[in-house]
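# Structural overview
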Amino acid sequence: MAILTVQDAVDGLAPAVSWRVVLKFLWIISLRLSGPILALFPNFAGFLPYRQWKCLENSTTCLTRVNISGISRESFCGVKGEEMLVVGHDMVWELDGRKTYAVDWDLLCGREYLGTFISSSYFVGALAALLICSSLYDKYGRLKISQITQIISIVLGLMMAFPFNLWYMMIVRCLYGGFYFIANTGYHVLIIEMMPKPVKAKGMTISQTGWAGGQFILALIAYLFKDWKFIVIFGTVLLCLNLYAIFCIVPESPLYLLSNKRNEFAAKESLKKLAMFFGSDRNFDDDDLVDAADKDRELKEQSLLDALRDFVKYPVLSKHVAILLFVWLKCGWLYYGFTFSWGTLGRNLYISYLLNGCGEALSIFVLLIYLEKLPRRSLAFSDMVAAAMLFIAITPDSIGFKAISVSQLACLIGALANGLVFGAHFLWTQELSPTTHRGRILSLANSSSRIGSLLGPQASLMFAWNKTATLCIFASVAFVSGVLMLLLPETRGRAMPSLASDVISRAEQRKLIEQKSIQN
């Protein structure tokens, strides 16, 4: 009879390479395939057709204005007090049968901001969900909450496919963003707690491939189907297919069952299912499971007021958190700023998203190497690369190739570098945070990222206003982020701090080492 902690039991299930394990894991992360489809479909469903119209032959007004100002947004919306051109009277859309709610709901000529509100409403729901989901997981279980919220997400996905007007779309999309975020975060927690330590970092990184794959599918489906409603329906079908994984393959977290429910029998049954998942015949009936957190229970029971006092008492901890919040805000803003602006920055919307998906996949591959080999502070170099590329992107759109300009290529490289920082900061934030404050700091970091995500869709209006100024702002923010990250301590290969005071003692140790190196 062996006495094991749940984490030791999970770590003992480290799998050998098996196609069965790989297929089951890919099925589990298929939930993330639907993520970009239903989050980013407004880029195709609400595209602004300012380049896709022509004058009617009998419209002298339209032909005259086009000759003067060219085919542009100003020609359609009116210049210096001139009256608007009238659809069907002066001009017609050349959409080749494609649908856009920008035309259906009149989101043109000064009303474009309403389209960005539709895009941002998803992140409003996600931010609201972030404030409540952690308590739901701890009270009712990761698996049960993920199952319920995924079913609700499917219903809301179908409702998004048949909107009455833009306000209906905003409300339903906001609700969908909240419930999908809860389901996806629950999945994220389950993957963390079910992965053995030897493969945890790689498993978490590979789980992000679902988002990159979803962007490829989004571009393909949007190209094949002219009606954007089919994009939403297809993404919802992917959510339905994932129900088998979440109801039949994934077990409840044994860590949750033992720590929160104090149910050793249920924890053992969960470990048995996990062993079957990894192709192991390990049986835990004769083992005695203990909760390793019991010895640190006093650390977990620290009140919110005590945590706030620590931020005042230990300025070094406050400095670390402030830098992390800025970096997370920057990552969310730049990531979604580019994601919702490829229609403006690129020559072809579909090619732009395919290239962006390639960049996402490449950043995941680089991240696998980074987590194993490189120091955390090297992330600063990645942000410097992003800043340099965005300054290069100021070059005119006319320079480049037929399918892609030099400006867009530089933006893609900058977005890739930012995505690398985004992905790696999930780990670095945890390594910097004391055990007593880790949950709260992660929640603050995610909240900061969601605020940046809310601002992201508005970047499309900024690029339409002044592309050069917007790129300069993005590049400057990335550069400042890189400089600030140099002020954070290196954590790779080092134990995570348990108390806020540990952060101070480590900072003092670093100062002594630096002073000795200077003296020598």
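Criteria and thresholds
Residues numbered from 1 in each chain as written. Predicted model: local features only at pLDDT ≥ 70, side-chain atom pairs only at ≥ 80, totals over all residues. Heavy atoms only, no water. Helix = DSSP H or I, 4+ residues; strand = E, 2+ residues; numbered from the N terminus. Buried < 20%, exposed > 50% of the residue type's maximum accessible area, 1.4 Å probe, protein only. Contact = heavy atoms within 4.5 Å. Areas by Shrake-Rupley, 256 points an atom, 1.4 Å probe, with all protein chains shown as cover. Axes fitted to C-alpha atoms, helices over the stretch in contact; angles between N-to-C directions. Parallel < 35°, antiparallel > 145°, perpendicular 65-115°, else oblique. Left-handed = near helix turned anticlockwise from the far one by under 90°. Nonpolar A, V, L, I, M, F, W, Y, C, P; charged D, E, K, R; others polar. Patch = residues over 30% accessible without salt bridge, like charges linked within 9 Å, V, L, I, M, F, W, Y side chains within 5 Å. Salt bridge = Lys/Arg side-chain N within 4 Å of Asp/Glu carboxyl O. Core = buried A, V, L, I, M, F, W, Y, C linked by side-chain atoms within 4.5 Å. Expected span 1.5 Å × (residues − 1). Phe/Tyr/Trp six-rings, centres within 6.5 Å; stacked < 30°, edge-to-face > 60°. pLDDT = per-residue confidence, 0-100.

### Focus on the overall build of the protein
- The helix and strand inventory of the protein stands at 27 helices and four strands.
- Looking at the protein as a whole, 51% of its 520 residues are labelled buried.
- Partitioning the contacts of the protein with sequence separation of at least 6, the portion at a separation of at least 24 is 81%.
- Total accessible area computed for the protein in this model is approximately 24300 Å², and 65% of it derives from carbon and sulfur atoms.

### Examining the packing of helix H9 (residues 142-160) against helix H13 (residues 229-241)
- One way to put it is that H9 packs onto H13 with a least axis distance of 9 Å and a crossing angle of 165°. Judged by the inter-axis angle, H9 sits roughly antiparallel to H13. For the pair H9 and H13, the crossing hand works out as left-handed. Contacts between H9 and H13 involve Gln-150, Ser-153, Ile-154, Gly-157, Leu-158 and Met-160 from the first element and Val-232, Thr-236, Leu-239 and Cys-240 from the second.
- Tallied by class, the residues present in the contact of H9 with H13 amount to six nonpolar, four polar and no charged.

### As for unusual backbone geometry
- Even without being glycine, Asp-106 reaches a positive phi, approximately 55°.
- Looking at the element boundaries, Asp-106 is found in the loop between helix H7 (101-104) and helix H8 (112-140).

### Side note on a nonpolar patch on the surface
- Taken together, the side chains of Leu-220, Tyr-223, Leu-224, Phe-225 and Phe-230 make up a nonpolar region of the molecular surface, amounting to roughly 520 Å² of accessible area.
- No other element matches helix H12 (residues 209-224), which puts three residues into the nonpolar patch.
- As for its placement among the helices and strands, Leu-220 is situated in helix H12.
- Looking at Leu-220, the relative accessible area reads 48%, which means it is partly exposed.

### Observations concerning the nonpolar core
- If you look at the biggest cluster of nonpolar residues, it comprises 117 residues, and the most contacted ones within it are Phe-41, Ile-231 and Phe-338.
- Counting seven residues, the second-largest nonpolar core is a separate cluster that includes Ala-126, Ala-129, Leu-130 and Ile-182.

### Side note on the environment of Met-462
- By the element assignment, Met-462 lies in helix H25 (residues 459-465).
- Under the relative-accessibility criterion, Met-462 is labelled partly exposed at 22%.
- Those residues within four positions of Met-462 in sequence are excluded, and the remaining contacts are Trp-333, Lys-467, Thr-470 and Ile-473.

### Examining helix H22 (residues 379-392)
- Over its 14 residues, H22 runs 20 Å from end to end, which matches the ideal 20 Å to within 8%, given 1.5 Å per residue.
- Among all positions of H22, only Leu-379, Ala-380, Ser-382, Asp-383, Ala-386, Ala-387, Met-389 and Leu-390 are buried.

### A short note on the packing of aromatic side chains
- Counted under the stated rule, the structure contains 20 aromatic pairs.
- Ring centres 5.6 Å apart and planes at 20° place the aromatic pair Tyr-176 and Tyr-180 in the stacked group. Of this pair, Tyr-176 and Tyr-180 are both found in helix H10 (residues 166-194), four residues apart, which corresponds to roughly one turn of the helix. An identical accessibility class is assigned to Tyr-176 and Tyr-180; each is buried.

### Some points on the environment of Asn-348
- Among the secondary structure elements, Asn-348 is positioned in the loop between helix H20 (342-345) and helix H21 (349-373).
- Expressed as a C-alpha distance, the spacing of Asn-348 and Ile-404, which sit 56 residues apart in the sequence, is 8.1 Å.

### Considering the side chain of Asn-184
- Counting through the fold element by element, Asn-184 comes out in helix H10.
- According to the relative accessible area criterion, Asn-184 is buried, its value standing at 14%.
- If sequence neighbours within four positions are ignored, Asn-184 has contacts with Leu-31 and Arg-32.

### Quick look at the environment of Leu-85
- The topology assignment puts Leu-85 in the loop between helix H6 (73-77) and strand E3 (91-93).
- According to the relative accessible area criterion, Leu-85 is buried, its value standing at 5%.
- C-alpha of Leu-85 to C-alpha of Cys-55: the two residues are 30 residues apart in sequence and 9.2 Å apart in space.

### Description of the side chain of Ser-121
- As for its position among the elements, Ser-121 is in helix H8.
- Apart from the residues lying within four places of it in its own chain, the contact partners of Ser-121 are Met-170, Arg-173 and Cys-174.

### Regarding the packing of helix H23 (residues 406-432) against helix H26 (residues 467-485)
- Viewed as axis vectors pointing N to C, H23 and H26 meet at an angle of 35°, and their least axial separation amounts to 12 Å. Of the two possible hands of crossing, H23 and H26 adopt the one that is left-handed. From H23, Ser-407, Cys-411, Val-421, His-425 and Trp-428 reach across to H26, where they touch Lys-467, Leu-471 and Met-485.
- In terms of residue class, the contact of H23 with H26 is made up of five nonpolar, two polar and one charged.

### Focus: the confidence of the model for the protein
- Predicted confidence across the protein gives a mean pLDDT of 77, with 78% of residues reaching 70 or more.
- At the low end of the mean pLDDT range in the protein sits helix H17 (residues 297-300), at 44; at the high end sits H13, at 92.

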